[in-house]
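Structural overview
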Amino acid sequence: MSTDFDIRFAIDPVSAATMNTEELREHFLIDDLFAPGAVNWTYTHYDRMAVGGAVPGAKALALETIKPTGTANFLDRRELIAVNIGEAGTISVDGTDYAIGERDMLYVGMGAKDVRFAGAGAKFYLLSAPAHASHPTTLIKQSDAKRLDLGSQETANERSIFQFVNADSVKTCQLVVGLTSFAPGSVWNTMPAHVHDRRMEAYLYFDLKPDAFVVHLMGEPDETRHLIVRNEQAVISPPWSIHSGAGTGSYTFIWAMAGDNVDYTDVEKVGMDELL
């Protein structure tokens, strides 16, 4: 079978504060997203977000349903965003082919039946959340994304945020997705930190060299923890947790949110003097 999944149950902040390194990684790190010739899912109980990877190789891969969705087809009550972090590929949605270049995203609305991933060098990062309405399948290129330039060289966090999916662009039910890249010499992301209790988030770190990693900060602002994250690994960020980090070298990350509010600015900022 080319499709596999695991389940991550929701963890409260008090329990997370007692976990050792192995336990934190078991609950919050996804280190097996991308396997050649397979679709791998991690189904979370944070806003029912599912995080996956599809690596088609020589043969196209179908989007097959998994038991946690409880439906005959994966998208019967869900929406999907696929981001290509590999070479150019193709996604077919109910017979219509979409050419997906590197760092292009495809939104697929609720109700699509036959979705297939193809491309020998393509590598698709998948994000799915429950949906209440069907919106049109839409291709979003990085050049079409809303760009925000933030940070500074002095604080090593000069970065560009590309909002591919937000409340003012592509219509979705609850998925909000973007990509962040850094200016040379900058390594800090999402600092100063924040939390957003109305939605969870997932981070995918990629474009890291083999010997590089990101120290991802998580936890409540006054009870922080960390994860060592390597290339093409993802982090599940609960609504109560900060989500920030610094790399030992250059990297890119994709952030995705699902939950009660799609407003990008709806966050609770954490002062630099509040972190412990």
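Everything below is about the structure printed above this text.
Residues numbered from 1 in each chain as written. Predicted model: local features only at pLDDT ≥ 70, side-chain atom pairs only at ≥ 80, totals over all residues. Heavy atoms only, no water.

Secondary structure summary: the chain contains 2 helices and 24 strands in total. The C-alpha atoms of the chain give a radius of gyration of 18 Å, which matches the 19 Å a tight globule of 276 residues would have. Structurally, the chain occupies a C-alpha span of about 55 × 40 × 35 Å along its principal axes. Pairs at least 24 apart in sequence give 71% of the contacts found in the chain among residues at least 6 apart. Accessible surface, the chain: about 11900 Å² in total, of which carbon and sulfur atoms supply 50%. Separation of charge centres in the chain, based on 22 positive and 37 negative side chains, amounts to 4 Å. (Helix = DSSP H or I, 4+ residues; strand = E, 2+ residues; numbered from the N terminus. Rg over C-alpha atoms; globule rule 2.2 N^0.38 Å. Contact = heavy atoms within 4.5 Å. Areas by Shrake-Rupley, 256 points an atom, 1.4 Å probe, with all protein chains shown as cover. Lys, Arg positive; Asp, Glu negative; His and termini not counted. Charge placed at Lys NZ, Arg CZ, Asp CG, Glu CD.)

This structure, assessed with the given rule, holds 9 salt bridges. Residues Asp-6 and Arg-8 are paired through a salt bridge, measuring 3.5 Å at the closest nitrogen-oxygen approach. Take Asp-6: its relative accessible area is 25%, and that puts it in the partly exposed class. By relative accessible area, which is 10% here, Arg-8 ends up buried. A salt bridge links Glu-223 to Arg-225; the nearest nitrogen and oxygen atoms lie 3.0 Å apart. (Salt bridge = Lys/Arg side-chain N within 4 Å of Asp/Glu carboxyl O. Buried < 20%, exposed > 50% of the residue type's maximum accessible area, 1.4 Å probe, protein only.)

Here we come to the packing of aromatic side chains. Geometrically, a pair of aromatic rings is defined through the distance of the ring centres and the angle of the planes. A full pass over the atoms with the stated rule returns 9 aromatic pairs. Ring centres of Phe-117 and Phe-124 lie 5.5 Å apart, and the angle between their planes is 40 degrees; this geometry places the pair in the tilted category. Comparing Phe-117 with Phe-124 shows no difference in burial state: the two are buried. The interplanar angle of 65 degrees and the centroid separation of 5.8 Å between the aromatic rings of Tyr-203 and Tyr-205 together place this pair among those described as edge-to-face. The structure contains a cluster of three or more aromatic residues connected by ring pairs, namely Phe-182, Tyr-203, Tyr-205, Tyr-251 and Phe-253. (Phe/Tyr/Trp six-rings, centres within 6.5 Å; stacked < 30°, edge-to-face > 60°.)

Another aspect to go through is the sheet that holds strand 4 (residues 50-55). Reading across the sheet, the 7 strands line up as 1-3-4-11-6-9-12 and stay open at both edges, with mixed pairing between neighbours. At either margin of the open sheet sits one strand with a lone partner, and together these are strand 1 (3-8) and strand 12 (138-140). Averaged over all neighbouring strand pairs, the angle between strand axes comes to 20 degrees, with direction disregarded. Note: strand 9 (residues 105-108) against strand 12, 3 bridges, orientation antiparallel. (Pairing = 2+ DSSP bridges. Axes fitted to C-alpha atoms, helices over the stretch in contact; angles between N-to-C directions.)

On the surface, a cluster of nonpolar side chains totalling about 270 Å² of accessible area is made up of Phe-5, Ile-7 and Phe-9. With respect to the helices, strands and loops of the structure, Phe-5 is situated in strand 1. (Patch = residues over 30% accessible without salt bridge, like charges linked within 9 Å, V, L, I, M, F, W, Y side chains within 5 Å.)

Strand order in the open sheet formed by 4 strands is 16-22-19-20, and the pairing between neighbours is antiparallel. What marks the edges here is a single partner per strand, and that holds for strand 16 (188-189) and strand 20 (223-229). The sheet contact formed by strand 16 and strand 22 (residues 244-247) spans 2 bridges and is antiparallel. Bridging across to strand 22, Asn-189 finds its partner in Gly-245. The sheet contacts of helix 2 (residues 21-28) involve strand 19 (214-220) and strand 20, and relative to strand 20 the element is tilted by about 75 degrees.

Read these as layout, nothing more, since geometry by itself doesn't imply function.
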